[in-house]
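An overview of the molecular structure
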Amino acid sequence: MALGLCLCGNWTSVRLLSVSTREPLLVPLTVWGKVITNTPAKSACFFFFLILLNALCEYIASWQKEKNVFLNCLDRHALSSPEKVALIWEKDEPGSEVKVTYRQLLEMTCRAGNLLRRRGVKKGDCVTIYMPPCPLAVASMLACARIGAAHNVVFAGFSAEALAERIRDAQSSTVITVNESVRGGKVTRLKDTVDEAVRGCPTVRQVFVAMRTDAQPSGILQEMMSEDVVCEPAAMDSEDVLFLLYTSGSTGKPKGLVHTQAGYLLYAALTHKYVFDYRDGDVFGCVADIGWITGHSYVVYGPLANGGTSVLFESTPIYPDPGRYWEMVERLKINQFYGAPTAIRLLLKYGDQWVRKYDRSSLRTLGSVGEPINKEAWEWYHAVVGEGRCPVVDTWWQTETGGICIAPRPSEPHAEIVPGMAMRPFFGIKPALMDGEGRAVTSDDGSGALCLTQPWPGMARSIHNDHQRFVDTYFKTYPGYFFTGDGARRSEEGYYQITGRLDDVINVSGHRVGTAEIEDAVNQCSAVAESAVVGCAHPVKGVYAFVVLKQDAREAGLVAQINDSVSDKIAKYACPDHFVRRLPKTRSGKIMRRVLRKVAEGDLDGLGDLSTLDDPATVQEVIRGHRDLAAERRP
Ligand code: 6R9
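Here's a quick rundown of the structure. (Residues numbered from 1 in each chain as written. Predicted model: local features only at pLDDT ≥ 70, side-chain atom pairs only at ≥ 80, totals over all residues. Heavy atoms only, no water.)

1. Some remarks on the overall build of the protein chain
Of regular secondary structure, the protein chain possesses 19 helices and 28 strands. Counting the 635 residues in the protein chain, one finds 62% classified as buried. If you take every contact in the protein chain between residues at least 6 apart in sequence, the share linking residues at least 24 apart comes to 70%. In the structure as shown, the protein chain presents an accessible area of about 24,400 Å², 51% of it carried by carbon and sulfur atoms. (Helix = DSSP H or I, 4+ residues; strand = E, 2+ residues; numbered from the N terminus. Buried < 20%, exposed > 50% of the residue type's maximum accessible area, 1.4 Å probe, protein only. Contact = heavy atoms within 4.5 Å. Areas by Shrake-Rupley, 256 points an atom, 1.4 Å probe, with all protein chains shown as cover.)

2. Brief notes about the sheet that holds strand 7 (residues 150-153)
Ordered by their spatial adjacency, seven strands build an open sheet running 11-8-6-7-12-13-21, and the pairing between neighbours is mixed. The two strands at the open ends of the sheet, each matched to only one other strand, are strand 11 (206-210) and strand 21 (462-463). In this fold helix 10 (residues 293-305) packs onto strand 7, strand 12 (241-247) and strand 13 (255-260), with an angle of close to 140 degrees to the strand it touches most, strand 12. (Pairing = 2+ DSSP bridges. Axes fitted to C-alpha atoms, helices over the stretch in contact; angles between N-to-C directions.)

3. Description of the pattern of salt bridges
In this structure the tally under the stated criterion is 31 salt bridges. In this structure, Lys-375 and Glu-379 form a salt bridge, with 3.9 Å as the shortest nitrogen-oxygen distance. One end of the pair is Lys-375 and the other is Glu-379, both in helix 14 (residues 375-385) and four residues apart, which spans about a single turn. Given a relative accessible area of 53%, Lys-375 falls into the exposed group. Among the charged side chains, a salt-bridge network with shared partners connects Glu-90, Glu-97, Arg-324, Glu-327 and Arg-331. (Salt bridge = Lys/Arg side-chain N within 4 Å of Asp/Glu carboxyl O.)

4. A few points about helix 4 (residues 102-118)
When the terminal C-alpha atoms of helix 4 are compared, their 24 Å separation across 17 residues agrees well with the 24 Å that a helix rising 1.5 Å per residue should span. Taken together, the buried positions of helix 4 are occupied by Tyr-102, Leu-105, Leu-106, Met-108, Thr-109, Cys-110, Arg-111, Ala-112, Gly-113, Asn-114, Leu-115 and Leu-116. Positioned one or two residues after helix 4, Gly-120 has a phi angle of 95 degrees, which is positive. (Expected span 1.5 Å × (residues − 1).)

5. Observations concerning the site of the ligand
Around the ligand there are 17 residues in total, and Asp-394, Thr-399, Asp-486, Arg-501 and Arg-512 lie nearest to it. One nitrogen or oxygen atom from the main chain of Thr-395 is found 2.8 Å from a nitrogen atom belonging to the ligand. Note that an oxygen atom of the ligand is positioned 2.5 Å from one of the side-chain N or O atoms of Thr-399. Taken together, the elements giving at least two residues each to the shell around the ligand come down to helix 10, strand 18 (392-395) and strand 23 (496-501). Its residues assigned to classes, the shell around the ligand shows six nonpolar, six polar and five charged. (Near = heavy atom within 4 Å. Polar contact = N/O pair within 3.5 Å; in protein donor to acceptor, adjacent residues only side chain to side chain. Nonpolar A, V, L, I, M, F, W, Y, C, P; charged D, E, K, R; others polar.)

6. Quick word on the packing of aromatic side chains
The tally for this structure, following the rule as stated, stands at 28 aromatic pairs. Taking 6.1 Å as the distance between ring centres and 75 degrees as the angle between the ring planes, the aromatic pair formed by Tyr-278 and Phe-284 counts as edge-to-face. Consider the rings of Tyr-474 and Phe-482, whose centres lie 5.2 Å apart with planes at 10 degrees: the pair is stacked. Across the pair, Phe-482 and Tyr-474 agree in class, each one buried. Put simply, the rings of Phe-276, Tyr-278, Phe-284, Tyr-298, Tyr-338 and Trp-397 pair up and form one aromatic cluster. (Phe/Tyr/Trp six-rings, centres within 6.5 Å; stacked < 30°, edge-to-face > 60°.)

7. Details of unusual backbone geometry
Following Tyr-319, the chain continues to Pro-320 via a peptide bond in cis, the omega torsion being -5 degrees. Tracing the backbone shows Pro-320 in the loop between strand 15 (309-313) and helix 11 (324-332). For Met-423, which is not a glycine, the phi torsion comes out positive at approximately 70 degrees. Along the polypeptide, Met-423 turns up in the loop between strand 18 and strand 19 (431-434).

8. So, the packing of helix 9 (residues 261-276) against helix 10
Packing of helix 9 against helix 10 leaves a shortest axis separation of 8 Å and a crossing angle of 85 degrees. Considering their axes alone, helix 9 and helix 10 lie roughly perpendicular with respect to each other. For the pair helix 9 and helix 10, the contacting residues are Tyr-264, Leu-265, Ala-268, Ala-269, Thr-271, His-272 and Phe-276 in the first and Ile-293, His-296, Ser-297, Tyr-298, Tyr-301, Gly-302, Pro-303 and Ala-305 in the second. (Parallel < 35°, antiparallel > 145°, perpendicular 65-115°, else oblique.)

9. Some details on the sheet that holds strand 19
Strand order in the open sheet formed by four strands is 19-20-22-23, and the pairing between neighbours is antiparallel. In this open sheet, the two edge strands, each paired with only one partner strand, are strand 19 and strand 23. Each adjacent strand pair in this sheet contributes to an overall mean axis angle of 45 degrees, direction not counted. Strand direction decides the pairing type here: strand 19 and strand 20 (residues 446-452), joined by four bridges, are antiparallel. Among the inter-strand pairings, Ala-432 is bridged to a residue of strand 20, identified as Cys-451.

10. Focus: the environment of Val-209
When you line up the elements, Val-209 lands in strand 11. You can call Val-209 buried: its relative accessible area is 14%. Along the sequence, Val-209 and Val-194 sit 15 residues apart, while their C-alpha atoms lie 10.0 Å from each other. Discounting chain neighbours no more than four positions away, the residues touching Val-209 are Thr-177, Val-178, Asn-179, Lys-191, Gly-219 and Ile-220.

Here is the structure:
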């Protein structure tokens, strides 16, 4: 089965790659058009098809001439409107934003590209970027694209160990970082983390440091000053690697998903334009960190490919107070705001006054991403933040998909939006729901494992260093389909609602993390014999660790010890909220996570079939432990 659509070398044809052999099969360009005509929104189909064809032709033309992602994102806009603002760096202190025009960004990027080239970075290398959102981070990403190197952005909240693991797997010889990051008024010495990480990375030859907290340009910025502002772009094939991005899988080892040049850029740009109704002159405010795929596609590549103005948000939703987002919306006149449900839920608790205080009349579209948005949060976002006049687009997608796959928009104008539902597949996305027997659910009003039945341009092409894992993870469970790992429901009207992960990956504060990764960190505490981590419903985040202690271990200080270990090995946000002590297992020794999840959620009627349990008494113990803990914590 051929799965893996991409746009080849000179963009004159579309080819399907066989995922198992990676042999290209040439098919005509109209294939993606055909995909669109198969989408449910038949009435809007022809119109969408024309838009898409037009966009494809535009990109084909530009790629034929230029053959570089960078030129599509910068040169053509710097030429046509050099003084247009490309990035607004919304620094931690409100009111201290810095605007960067397309001309300035082009110059900064060319200088960075020349510096990297002069210091030996070549086409095909991979540069690790460990930086908070700032113009130089974007310029570094684009400089890599310009000279044909892949970038590997690692979220700057990750620990030294997590960073080292990603540098080693990507075989990076160059790392770019900042001396210190500033977030929520707190200064963190990122360079120290990098120093600690590279001690365990023999491949690293050089580390460039930007001085975020120095008044004068020094470090990499100073080195860049002596570089030329013209940098010859590397000629790239549409299927050359653009970047690696590590994400959690259901084993302890993160996967370096591989995205390539043309298909990814096209998909990021199209979804950015049509899902959010982005128009020329708009200010796009995606508050995600550049270390996640959302930052890649909707802070950097989508907005810049469309010649837009994109906000780079360095702060937190509650710094200096819970009005931060909306004060920023007023000050920067943001037209599209794109954030995570976890932040919306947090702000909802602080009350409406923090929102109403500021003028939000510039807002036209509100977006949500990262996890299911509950009805209460959706309604607050719509009614209070958007004053009931902005469509709320709950966008479902993944690092693997490169861009938004299911969202309420685009649609016919004023088509209904159901709270908490991602609803409509994007152009060319054809979902299927699979039942327990591996058959596609044909009826509407059904649920199952969410798969995508046809390739789309933005899909990841491989897992770095492990193509077999890519094939096994995404294409083996349901042969012939791309398995997303999520469950979904399809309503009578044919709308999709995502119900959550089916595998052992959980969402913590909108970040994806494998339960196995947290378990690895918990298990490294000397007192711990074994552990099981599950996600549970919680207003802001929810990680629940079930911990079995070694026989002679003492409990004192255990919670602090476990939290320290998780924040050292992964990141602070992944720290568990609760602990109990016994694990229910099947006779084959598999931990029954389903049961633990229900206990953590307090749903004792929904424990389901316990017949395969090795020792049913463990469940009662877990329940008792959970009750005691809850009582202990009750104020
Ligand atoms: C973009 C991003 C992907 C996982 C995905 C799913 C969850 C993302 C969602 C959503 C419900 C939405 N997810 N968007 N669940 N509704 N609108 O978040 O990528 O970090 O790879 O996470 O996030 O479980 O499979 P990534």
